[in-house]
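# Secondary and tertiary structure notes
Listed below are the residues making up each chain.
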Amino acid sequence: MTALAIRLDQLSKQYRFGARPRRRTLREALTEAAASPWRNLRRLAGAAGRGTTEDDTFWALRDVSFEVGHGEVLGVIGRNGAGKSTLLKLLSRITAPTSGRAEVWGRVGSLLEVGTGFHPELTGRDNVYLNGAILGMERGYITSRFDAIVEFAGVEQFIDTPVKRYSSGMYLRLAFAVAAHLEPDVLIVDEVLAVGDAEFQQKCIGRMNEVACDGRTVLFVSHNLGAVQRLCTRSILLEKGNLVADGETSEVIRQYLASHDTEAPAGRWIDLTAAPRTGSASARFTGVQYGSGDQLVDFSPHPGGPLEIVVGIDASIALNRPRVGFTLRDRYGGPLISGSTYALGVATPLPIGYSSWRFVLETLPLRPGPYQLELWLADSMGASVDRLQPALWMEVFDRQPRGFGPHYNPRHDGILYCEYSAGRVEAAVRHRTGGEPASAATQSR
Amino acid sequence: MSEDLTGRHAAGLEQSTRGPSAAAPDGARSPRPASVIIGPERRWPRIDLAELWSYRGLMLFLVWRDIKVRYAQTVLGASWAILQPVLATVVFTVVFGRFARIPSDGIPYSVFALSGLVPWTYFSSALNGAGNSLVANTNLVTKVYFPRLVMPVAPILGAFVDFLIGFAVLLVMMLALGVTPTARALLFIPPVLALAAVTALGVGCWLAALNIQYRDVKHATPFLVQLWMYSSPVVYPLSLLPHRLQPYAAFNPMVGVIAGFRAALLGTAPMPWGVIAVSSCVAGAILVSGALFFRSRERVFADVA
Ligand SMILES: Nc1ncnc2c1ncn2[C@@H]1O[C@H](COP(=O)(O)OP(=O)(O)OP(=O)(O)O)[C@@H](O)[C@H]1O
Ligand SMILES: [Mg+2]
């Protein structure tokens, strides 16, 4: 084993329930302090703040211990709210642990979500220097890296434009380029590839590989299991703040996939009020139902059959041109099919209160297997209001009973379904330019 | 399905996986970097000056950024820094100089008022900037690590630019009205300004840490600044206070700043060293307590921001 880069020893972080601790007013705090001086004195005497009542807190991370060797690329996977981002925030010293400790050797460069430390009013160039300064880099060093960064990000023409005019993809490109080129000893990347296009994702993965080959350590969080598989030889799995698996990536992914609750049943209303989500939450998905509408097969969707998705939304504000959308993802989180009111140009307003929305896919081009259904709602400017990734797992079933017909292995045969025909072309027919169309004995499936 | 297809597929997969052995040999790397220990916050806050110093690059960058953003964004740009004290001087000269006939140590009231307003404006804009520094930079605070104390320090330095502009205006007005600046101003103004900076930073640390947690602090700050201005000898001379109260006035560090600034520049009175000494002690106490308070709240900044 080479030297260690990161060591965690029972690292734990406790948060208060509710999205954030209540941000009260100073006036309230002072009146309360004046009204009950006794309690406050006692609280001061006890370990400051440690004695908060247990019942309104929970552990976002609990007794997590592991070690990462120098030059290792570690994947971190787990469901929404499992504590992945919390782990990265602790390691990049953005927030302090409640108990336990960690040791990190060398400079840490972190890229947490898309909004890194960029200032919207400053140009791309200034922001590169700002980020370098945050990482504690010398000006001269940043200058020596500057061209490589700009080239990697592919934003040459816009480098002197304030970044508030960048598209979110450009923003991300530049942010990633800075983090990955300023050569931190430990590179921490949280769920950022989701925004870039496929080509850039490829580039990022390549770059992270280079960084690792250079003997630097990478911690990589992603819901895109395919990317984790490609990049990381070792991964850890977090579940409700606990470390439940640590080992070879494919093994950990297998365990992760196996740990999913049974797929949500088709043809039944599934409550989403308590599901983990992101977004401003001024309107929320309350429930969803999906199915083929075919009672004979228990409403289960099947290849080539229809798929109907009905969602309920409870809104506390009205939206004029809401963007309601869904994305079907493969079991590794790779997006397959998506649709939205926005893409179709549907301009139905979202009223305050309850409303339900429906998507109908005439033919579902998916082979049997488990898929993730993601639901999202954005306002007319595209700002996320509510997003559940995934809202549920759904199973596409084969209509033919097991044992008959071909058996598909998604790894080799792909997961897309399409109607096609195949057969031997009659021997007499030769392919000639301008020849008659071949008549063939075909078998249609 | 097809054997051939499956076989090729598998081979392709093999090639693209990267072994961990591909990492560069250890010897080629620079010596092993020092480690950082991450643990629960200490019971007693500590101020790591060495670390702060190593982040001076970031601090200067933030200063430069604030200045650039400020002047690029506001329509009036730099002229704002001129207009603000000039307009205030006009108002005060009319109200206090003409109507209320407040004495002004024998110099034109407008010069008197502006010579108080220039250091005061520096102080109040430094204080405002420091107090809002965390809230205005939540995107940095929640996304990257750096010693948080860098944040309130930057606006203290940035406000110097406005001060220099205001100071130039003051000199022009003095020359126009025939008041000659003294030579000792060069020597004595820097320490007096440093006193203002220390006070602004100390109070700014308190406000910044409270601001991120309590929403009403933002609304209370302008009141505080306003009250503070009228309890400092900005628009009236210190000599207007009853004699027996004057020693106590020095507990307000801005009394030392304003009185010291006037004495140094206008030479109407001897330098009030006694007042400045008391003010400095108070300012130092505010700074130390503010920085410690800031450090003790620091760990929750990212969680509550
Ligand atoms: N500042 C905070 N205050 C209170 N609770 C928080 C805070 N930040 C995170 N949490 C909670 O901690 C838990 C873990 O969150 P975390 O962001 O680490 O999850 P995650 O694994 O990154 O999830 P995702 O896959 O959705 O990104 C969640 O329940 C979240 O609501
Ligand atoms: Mg996360």
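Scroll up a little and you will see the structure.
Described in the following lines is the structure provided in the data block.

About the thresholds
Residues numbered from 1 in each chain as written. Chains lettered and ligands numbered in written order. Predicted model: local features only at pLDDT ≥ 70, side-chain atom pairs only at ≥ 80, totals over all residues. Heavy atoms only, no water. Helix = DSSP H or I, 4+ residues; strand = E, 2+ residues; numbered from the N terminus. Buried < 20%, exposed > 50% of the residue type's maximum accessible area, 1.4 Å probe, protein only. Contact = heavy atoms within 4.5 Å. Areas by Shrake-Rupley, 256 points an atom, 1.4 Å probe, with all protein chains shown as cover. Pairing = 2+ DSSP bridges. Axes fitted to C-alpha atoms, helices over the stretch in contact; angles between N-to-C directions. Phe/Tyr/Trp six-rings, centres within 6.5 Å; stacked < 30°, edge-to-face > 60°. Patch = residues over 30% accessible without salt bridge, like charges linked within 9 Å, V, L, I, M, F, W, Y side chains within 5 Å. Salt bridge = Lys/Arg side-chain N within 4 Å of Asp/Glu carboxyl O. Near = heavy atom within 4 Å. Polar contact = N/O pair within 3.5 Å; in protein donor to acceptor, adjacent residues only side chain to side chain. Nonpolar A, V, L, I, M, F, W, Y, C, P; charged D, E, K, R; others polar. Core = buried A, V, L, I, M, F, W, Y, C linked by side-chain atoms within 4.5 Å.

Tallying secondary structure elements over chain B gives 12 helices and one strand in all. The buried share among the 305 residues of chain B stands at 48%. Long-range pairs, those at least 24 residues apart, make up 81% of the contacts in chain B between residues at least 6 apart in sequence. Surface exposure of chain B reaches about 14,900 Å², of which carbon and sulfur atoms provide 68%.

All right, on to the sheet that holds strand E14 (residues 335–340) of chain A then. Residues and elements named next belong to chain A. One open sheet accounts for four strands, arranged E14-E13-E16-E17; its pairing is antiparallel. Because the sheet does not close on itself, it has two edges, and the strands there are E14 and strand E17 (384–396). Strand-to-strand twist in this sheet, taken as the mean axis angle between neighbours without regard to direction, amounts to 20°. Both strand E13 (residues 323–329) and E14 contribute to a ladder of five bridges, which runs antiparallel. Bridge assignment links leucine 328 to a residue of E14, and that residue is isoleucine 337.

Let us look at the packing of aromatic side chains. All names here are of chain A. Under the defined criterion, the tally for this structure stands at 16 aromatic pairs over all chains. Where phenylalanine 152 meets phenylalanine 176, the ring centres are 6.0 Å apart and the plane angle is 25°; that geometry is what we call stacked. Of this pair, phenylalanine 152 sits in helix H5 (residues 139–153) while phenylalanine 176 sits in helix H6 (residues 168–181), and the two are 24 residues apart along the sequence. Overall, phenylalanine 152 belongs to the buried group, its relative accessible area being 11%.

This part covers a nonpolar patch on the surface. Together, B:Val90, B:Val91, B:Val94, B:Val95 and B:Phe99 line one region of the surface with nonpolar side chains, adding up to about 450 Å² of accessible area. B:Val90 sits in the partly exposed class, given a relative accessible area of 47%.

Glancing now at the environment of A:Val68. Along the chain, A:Val68 turns up in strand E2 (residues 57–69). Residues in contact with A:Val68, not counting those within four places in the same chain, are A:Leu4, A:Ala5, A:Ile6, A:Leu74, A:Thr217, A:Leu219 and A:Arg234.

Residue and element names in this part refer to chain A. Within the structure shown, the criterion is met by 16 salt bridges over all chains. The shortest N-O distance in the salt bridge between arginine 7 and glutamate 103 comes to 3.0 Å. Of this pair, arginine 7 sits in strand E1 (residues 4–16) while glutamate 103 sits in strand E4 (residues 99–105); the two residues are 96 residues apart in sequence, bridging distant segments of the chain. Residue classification places arginine 7 among the partly exposed positions, given a relative accessible area of 32%. Glutamate 103 sits in the buried class, given a relative accessible area of 10%. The residue arginine 125 makes a salt bridge to aspartate 160 at a minimum N-O spacing of 2.9 Å. Placement of arginine 125 in helix H4 (residues 124–134) and of aspartate 160 in the loop between H5 and H6 is noted, with a sequence separation of 35 residues between them. Looking at aspartate 160, the relative accessible area reads 48%, which means it is partly exposed.

Residue and element names in this part refer to chain A. Ordered by their spatial adjacency, six strands build an open sheet running E5-E6-E7-E3-E8-E9, and the pairing between neighbours is mixed. A single partner strand is all that each edge strand has here, and the edge strands are strand E5 (108–112) and strand E9 (242–248). Taken pair by pair, the neighbouring strands of this sheet meet at an average axis angle of 15°, ignoring direction. As defined by bridge partners, strand E3 (residues 73–78) adjoins strand E8 (residues 234–239) across five bridges and the pair is classed as parallel.

On to the site of ligand 1. Residue and element names in this part refer to chain A. With respect to spatial proximity, 16 residues lie near ligand 1, and among them Gly81, Lys84, Ser85, Thr86 and His223 are the closest. Here an oxygen atom of ligand 1 sits 2.7 Å away from a polar atom, N or O, in the side chain of lysine 84. At 2.6 Å, a side-chain N or O of serine 85 approaches an oxygen atom of ligand 1. In the complex, 76% of the free accessible area of ligand 1, which totals 630 Å², lies under the protein chains. Within the residue set of the shell around ligand 1, elements represented by two or more residues are E1, E2 and helix H3 (84–91). For the shell around ligand 1, the leading source of residues is H3, giving three residues. Along the lines of polarity and charge, the residues of the shell around ligand 1 split into five nonpolar, seven polar and four charged.

A few words now on the pairing of strand E16 (residues 369–378) of chain A. Residue and element names in this part refer to chain A. Counting buried positions along E16 yields nine of 10 residues, so the element is predominantly enclosed. Where E13 and E16 come together, seven bridges link them in antiparallel fashion. Its bridge partner lying in E16, arginine 329 is registered against glutamine 372. Both E16 and E17 contribute to a ladder of nine bridges, which runs antiparallel. Each bridged residue has a counterpart across the sheet, and for glycine 369 the counterpart in E17 is valine 396. Two successive antiparallel strands, E16 and E17, enclose a turn made up of five residues, where glycine 382 displays a positive phi of approximately 90°.

The biggest cluster of nonpolar side chains holds 142 residues, and the ones touching the most others in it are A:Phe220, B:Leu58, B:Trp120, B:Tyr122, B:Phe146 and B:Leu265. When near neighbours in sequence (up to four residues on either side) are disregarded, B:Trp120 contacts B:Val225, B:Trp228, B:Met229, B:Ser232, B:Val234, B:Met254 and B:Ile258. Residues A:Ala283, A:Leu350, A:Leu377 and A:Val396 belong to the second largest nonpolar core, which totals 36 residues.

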